[in-house]
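The residues making up each chain are set out below.
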Amino acid sequence: MANPLTLMLPIIPGTSVATLSGVLEQYVPQLYAGLESVGTVHYARAIFLDTSKANLLPTGIFSNGPFVIAIITEYDGDFDTYIEDFVSAIGDVFNAVLPYVVGGAALVPVANNVSAFQAFLAQNDASQQPPNNVALAESYTATVQQILAALPGSAATSTASPVPNA
Amino acid sequence: MPDPAIDYGDVQGTILRGYRVDLARHFILTITAAPPARAFIGALVDGAGGLPRITTAARWTVKPKCFVNVAFTAAGLATLGVTSQQLATFDAGFQRGATSSTTANMVGDVGTSAPANWIGGLANGAQVHAILSLWVDDDPAVLESVTAKLRAAFAGAFSELSAHDAHALPDNKVHFDYRDSIAQPTVMGAPPRKAKHNAPDDQPQVPTGEFLLGYTNATPGVYSVQPSQLSTNSSYAAFRILEQDVAGFEAFLVQYAAQAGIDAETLAAKVCGRWRNGNPLELVPSGPAPVLPNDQLNDFTYVDTTNVADDDTLGIKCPIGSHIRRNNPRNQAIIGTNSTHHRIVRRAMPYGPRYDAKQPDNAKRGLIGYFINASITNQFEFLTSQWNQLATFVKSAPGPDPSCAGNAVFNISGQDVFLGVNDPASSSLTVAGCGANGAGNKAVTGFSRLVTTRGGAYVFLPSITGLRYLAALGTTPTG
């Protein structure tokens, strides 16, 4: 059974769209690669919201903000239990983004502040806040790894842990 | 990452050194008066008043007659004067404690293993403040004489809830008759092991910060607490009393070997990942054989895609759900990161009389000791709740041998036979064979729990600096 994460990161007012675009352009590929490496994330996307608009939709370079960056995923298992693994995989992304997030700078580097970072994620996860904390609609119950194992061509999957010298 | 310089004299010895002794006694203590308790801690650090000095990780030229370490629960630290604000900086699991229902459900301490059933006063976590541990080489008289000194010294400061003895069995066996004490993580910067005891593994060294606060860990970050005096060179441990049902285990082997189509000793090896003489299935897959030299016993990995003969991605030789593979998957691809991030140091010894199959008895016997780590949450609890209790932590991985179809995901089931809850309705151990989607597998199912938790506590092992800090609390302004 998958679980939802709908992480809403409020950006410090006055941060320009150009600045945020630059950060996202640089780090979103790393975010996606890191999430994929953990092996529990079905899908993930980072989206940019403009809170000055009624429908929250940004209008490109003409957006004024304040902004919210939303990171939305569906993942297997218990996120909290794997928090150190996530930090190991994508901590650098958050180290780059959090200085632009309200209340985020104090958490950097996240690897030294894992408990506080974990609490911050919980506080900003819209999925955990009533009335959003309802069960996820799901079309299947298989885990990411079960799906990969069942797919044709799964032989392409890495077979060894990426441990140095292992 | 270069090895850090560790001040061994500031580290409680059991964290970084195996004492290799035959006798141990663990005192479960409640602080009844904080000022004399602090004074006792100070006396232990200095070896004052005829007390043995707290054993550090510093090198010794003559092996000591006894070894002493002390650890505190969160309730114990609070009683000594550590503030709630400071305690809030400690590991989340440590703050929660071993007897909390959250912890118990997470690590499988349920049913007969539930904290409410624990012995020796451990059921009431709030009254468990400290564990004082004494190890001696092999002389019971030394154990008793040092015990008498300790009891005289802590009287009036602590009340003794219980004391628990342990003793080594011949050939480092445990009650299930497996040779133990083979595999331990190699910690960066730790004192080197003596050659005759060394069983090097084929794994990366584990960063120091996985076992000591204040050093870089595998994430990489640094675990720390406040105040700083309690941080660097301190560690945590899960103290556990694990009762082993030896008669039940032997009966399990006989009953379920037929289910798997193998003999009882092979099933024993499949359950553990090692033959009972210590030989790993990975290196000796087809029979116990003569015991390998120490330097080979632990020198293996599970995945070698460049060499089909050495590869065991699918767990054909050593089941992916075997005890040693669950608790240290080595280079098996697993969800999260890799095994280096979740290692523990084991310092446990058997307790109770050795089981004699010719004269079966109901005596209590098992393992008692510490599982040491710098993060109870990310190491002991992760390992216990995920790798021991689940079968979904393995990444999709076919083996490199085109003649042996399969995928690692389909070749693990149930929980660890030794450390799982193992409800007969769902208990399962997969004995893997070649075949797509697990078609070649056999499974042993329907067995019961064989190891019952009889006690536990989450404890903090302060550095020597930290112990001095605790000893001085109440006499100087706190930091």
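Parameters at a glance
Once a new chain begins, its residue numbering starts again from 1 and follows that chain's sequence as written. Working convention: letters from A go to chains and numbers from 1 go to ligands, in the order in which they are written. Under the rules for a predicted model, residues below a pLDDT of 70 receive no local features and side-chain atom pairs below 80 are neither given nor counted, while totals for whole chains, interfaces and linings still include all residues. Here a helix means four or more residues in a row that DSSP labels H or I, a strand means two or more in a row labelled E, and each is numbered from the N terminus. Our radius of gyration looks at C-alpha atoms and nothing else; its globule reference is 2.2 Å times the residue count to the power 0.38. Three exposure classes are used, based on other C-beta atoms lying within 10 Å of a residue's own C-beta, which is placed from the backbone: buried for 20 or more, exposed for 12 or fewer, and partly exposed in between. Placing a C-beta atom from the backbone of each residue, one calls two residues in contact when those atoms lie within 7 Å. Bear in mind that the domain bounds are from an automatic or database domain assignment. Classification used: nonpolar for Ala, Val, Leu, Ile, Met, Phe, Trp, Tyr, Cys and Pro, charged for Asp, Glu, Lys and Arg, polar for all others including Gly. When buried Ala, Val, Leu, Ile, Met, Phe, Trp, Tyr and Cys residues are joined through C-beta atoms within 7 Å, the set is termed a nonpolar core. Strand pairing is defined by DSSP finding a minimum of two bridges between the two strands. An axis is simply a line fitted to the C-alpha atoms; with a helix, the fit covers only the stretch in contact. Between two such axes, the angle follows the N-to-C directions and lies from 0 to 180 degrees.

**Points about the overall build of chain B**
Phase 1: Regarding its fold elements, chain B presents 13 helices and ten strands.
Phase 2: A globule of 479 residues ought to have a C-alpha radius of gyration of about 23 Å, and chain B, at 22 Å, matches this closely.
Phase 3: Principal axes of the C-alpha set define a box for chain B whose edges measure 70 × 55 × 45 Å.
Phase 4: Burial statistics for chain B: of 479 residues in total, 55% are counted as buried.
Phase 5: Excluding contacts between residues fewer than 6 apart, the proportion of contacts in chain B whose partners are at least 24 apart in sequence is 71%.

**Considerations on helix 12 (residues 376-387) of chain B**
Phase 1: Of all twelve residues in helix 12 of chain B, eleven are buried; the element is thus mostly enclosed.
Phase 2: Where helix 12 of chain B is concerned, the buried positions are Ile376, Thr377, Asn378, Gln379, Phe380, Glu381, Phe382, Leu383, Thr384, Gln386 and Trp387 of chain B.

**Some words on the domain arrangement of chain B**
All names here are of chain B.
Phase 1: Split by domain assignment, chain B resolves into domain 1 (8-242 + 455-472) and domain 2 (245-337 + 388-452).
Phase 2: Here the C-alpha centroids of domain 1 and domain 2 sit 31 Å apart.
Phase 3: The interface of domain 1 with domain 2 comprises 18 residues on the first partner and 22 residues on the second.
Phase 4: Counted by class, the side of domain 1 that touches domain 2 contains eight nonpolar, six polar and four charged residues.

**Points about the environment of Ser37 of chain A**
Phase 1: When you line up the elements, Ser37 of chain A lands in helix 1 (residues 17-38).
Phase 2: Considered as a pair, Ser37 of chain A and Glu74 of chain A are 37 residues apart in the sequence and their alpha carbons are 15 Å apart.

**Brief notes about the nonpolar core**
Generally speaking, soluble globular proteins have nonpolar side chains that are buried together.
Phase 1: Residues Leu134, Ala237 and Val459 of chain B are the most contacted members of the largest nonpolar core, which totals 166 residues.
Phase 2: For this core, the element with the highest residue contribution is helix 2 (residues 83-97) of chain A, accounting for eight residues.
Phase 3: Each of domain 1 (8-242 + 455-472) and domain 2 (245-337 + 388-452) of chain B contributes no fewer than three residues to this core.
Phase 4: Sequence-distant contacts of Val459 of chain B, that is, excluding residues within four places in its chain, are made with Ala71, Phe72, Thr73, Ile131, Tyr236, Ala237 and Phe239 of chain B.

**Let's talk about helix 13 (residues 464-472) of chain B**
Phase 1: When helix 13 of chain B is considered as a whole, its buried residues turn out to be Ile464, Gly466, Leu467, Tyr469, Leu470 and Ala471 of chain B.
Phase 2: Of the residues trailing helix 13 of chain B, Gly474 of chain B is marked for its positive phi of about 90 degrees.

**Quick look at the sheet that holds strand 1 (residues 2-10) of chain A**
All names here are of chain A.
Phase 1: Taken together, the three strands give an open sheet; going across it, the order is 1-3-2, and neighbouring strands pair in antiparallel fashion. Across the chains shown, the open sheet's two edge strands, defined by having one partner strand only, are strand 1 and strand 2 (41-50). When the angles between neighbouring strand axes are averaged without regard to direction, this sheet yields 15 degrees.
Phase 2: Along the sheet, helix 1 makes contact with strand 2 and strand 3 (67-76), crossing strand 2 at roughly 165 degrees.

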